[in-house]
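The primary structure of each chain is shown beneath.
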Amino acid sequence: MTVLQQLNSAPLFLICGGIIAFVALLCAVFAVRAWRAGRALGIDAQKMRRVVLSSASFSVLPSVGILLGVIALSGSLGIPWPWLRLSVIGALHYETQVAQGAAEQLGMQTLSAAEMTPQRFVTIALLMSFCIIWGMVLSIFFNKKYSKKLGLGSSFGDTAMTAMFIGLCSAYLGSYLGAFVSKNGIFTFSGSYVPIVVAAVSGAVMALCLWLSKKPRMAWLDSFSVALSMLCGMASAVVCNLF
């Protein structure tokens, strides 16, 4: 039995599938409780339906990219593990980068099944889990205190989220813009243009959606702006790679 066959074995499917099913059940329970709580508070059912629609569009449409990530990682890590990571707590950009970085440190030329061994898989899987677990751990100890700050009527929460988002985008864009090198007054670029194009297209689509959502009868577009910008960004990456 090859390593990839072991990573796609029935025991791994049962373990990972059981965890995903448990998390899905919790999501369903909390969704029902949230709806009942909203009705008890007297919130209009139509408003709650719009929230559900907005949440569904934000979750379902971008999941196309997540599915592509599972398919991409399954060639080297099997199906169950990427399925678990990208279904519960992982993020597409995080999982692929950490897996690739771990593979390089293990002496692998590429993240591929041909170079994968059980020992290497365990190391990669452990690193993927360990590096992202701290959000949950820190929430246990500090989330209550943080929630109190959000309820003080200040803009701390909005400011913190905005700063975090700008910092995240700057870190990723900076790593690609850093490929521009000036030598003797001549600029050269040694990286890939694809991430820069994707960022530009996604930003332009988001700006267009926000502008259109302020028009009469176009307010509904605001619920789909994030999903549309992500899909258009992914589509631009496909087009760039083709040409």
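Residues numbered from 1 in each chain as written. Predicted model: local features only at pLDDT ≥ 70, side-chain atom pairs only at ≥ 80, totals over all residues. Heavy atoms only, no water.

A word on the overall build of the protein chain. Scanning the protein chain from N- to C-terminus turns up eleven helices and two strands. Scanning the protein chain from its N terminus toward the C terminus, one meets helices and strands in the order α-α-α-α-α-α-α-α-α-β-β-α-α. Across its three principal directions, the C-alpha atoms of the protein chain cover 60 × 55 × 35 Å. The buried share of the protein chain, reckoned over its 243 residues, is 23%. About 16,300 Å² of surface is accessible on the protein chain, with carbon and sulfur atoms providing 71% of the total. Taken as two groups, the 16 positive and 6 negative side-chain charges of the protein chain have centres that lie 12 Å from each other. (Helix = DSSP H or I, 4+ residues; strand = E, 2+ residues; numbered from the N terminus. Buried < 20%, exposed > 50% of the residue type's maximum accessible area, 1.4 Å probe, protein only. Areas by Shrake-Rupley, 256 points an atom, 1.4 Å probe, with all protein chains shown as cover. Lys, Arg positive; Asp, Glu negative; His and termini not counted. Charge placed at Lys NZ, Arg CZ, Asp CG, Glu CD.)

Our focus in this paragraph is the confidence of the model for the protein chain. Looking at the protein chain as a whole, the pLDDT averages 84, with 92% of positions reaching at least 70. Of all secondary-structure elements in the protein chain, the lowest mean pLDDT belongs to strand β1 (residues 180–183), at 69, while helix α2 (residues 10–40) reaches the highest, 93. (pLDDT = per-residue confidence, 0-100.)

Okay, the pattern of salt bridges next. In this structure the tally under the stated criterion is one salt bridge. The residue R85 makes a salt bridge to E95 at a minimum N-O spacing of 3.0 Å. On the criterion of sequence distance, the pair formed by R85 in helix α5 (residues 80–88) and E95 in helix α6 (residues 92–105) is long-range, its members being ten residues apart. Its relative accessible area of 7% is what places R85 among the buried residues. Looking at E95, the relative accessible area reads 0%, which means it is buried. (Salt bridge = Lys/Arg side-chain N within 4 Å of Asp/Glu carboxyl O.)

Here the focus is helix α11 (residues 225–242). Over its 18 residues, α11 runs 26 Å from end to end, which matches the ideal 26 Å to within 8%, given 1.5 Å per residue. All of the buried residues along α11 are S225, A227, S229, G233, S236 and A237. (Expected span 1.5 Å × (residues − 1).)

Here the focus is the packing of aromatic side chains. The description of two aromatic rings rests on the distance between their centres and on the angle between their planes. Per the stated rule, a full pass over the model turns up two aromatic pairs. Ring centres of W81 and F121 lie 6.3 Å apart, and the angle between their planes is 80°; this geometry places the pair in the edge-to-face category. Taken together, the residues span a long stretch of sequence, with W81 in helix α5 and F121 in helix α7 (residues 118–130) at a distance of 40 residues. The pair formed by W81 and F121 is uniform in burial state, with each residue classed as buried. Aromatic side chains F130 and W134 sit 5.2 Å apart centroid to centroid with 90° between the ring planes, which places their arrangement in the edge-to-face category. Judged by its relative accessible area of 48%, F130 is partly exposed. (Phe/Tyr/Trp six-rings, centres within 6.5 Å; stacked < 30°, edge-to-face > 60°.)

Turning next to helix α10 (residues 194–213). Counted at 1.5 Å a residue, the expected span for α10 with its 20 residues is 28 Å, and the 28 Å between its end C-alpha atoms agrees. The inward-facing, buried residues of α10 contact α11. (Contact = heavy atoms within 4.5 Å.)

All right, on to the environment of V51 then. Mapped onto the elements, V51 comes out in helix α3 (residues 45–60). Exposure remark for V51: the relative accessible area of 52% places this residue in the exposed category. With 39 residues separating them in the primary sequence, V51 and L12 have C-alpha atoms 36 Å apart.

This part is about the nonpolar core. Within the largest apolar cluster, 23 residues are counted, with the highest numbers of intra-cluster contacts made by L77, W81, L111, M116, F121, I124 and M128. Of all the secondary structure elements, the ones that give two or more residues to this core are α1 (3–7), α2, α4 (63–77), α5, α6 and α7. Not counting residues up to four positions away in its chain, the partners in contact with F121 are L7, L77, W81 and M116. (Core = buried A, V, L, I, M, F, W, Y, C linked by side-chain atoms within 4.5 Å.)

Two packed helices can be described by the angle between their axes and the distance between those axes. Interhelical geometry of α6 versus α7 gives an angle of 140° and a closest axis separation of 9 Å. Accordingly, the angle class assigned to the pair α6 and α7 is oblique. The crossing of α6 and α7 is right-handed. Listed contacts from α7 to Y94, E95, V98, A99, A102 and A103 of α6 are I124, L127 and M128. Residue composition of the contact of α6 with α7, grouped by class: eight nonpolar, no polar and one charged. (Axes fitted to C-alpha atoms, helices over the stretch in contact; angles between N-to-C directions. Parallel < 35°, antiparallel > 145°, perpendicular 65-115°, else oblique. Left-handed = near helix turned anticlockwise from the far one by under 90°. Nonpolar A, V, L, I, M, F, W, Y, C, P; charged D, E, K, R; others polar.)

Here we come to the state of the cysteines. Evaluated as defined, the whole model comprises zero disulfides. Counting only cysteine sulfurs, C232 is the nearest neighbor of C209, a cysteine outside any disulfide, at a range of 7.3 Å. A relative accessible area of 6% places C209 in the buried class. (Disulfide = S-S within 2.5 Å.)

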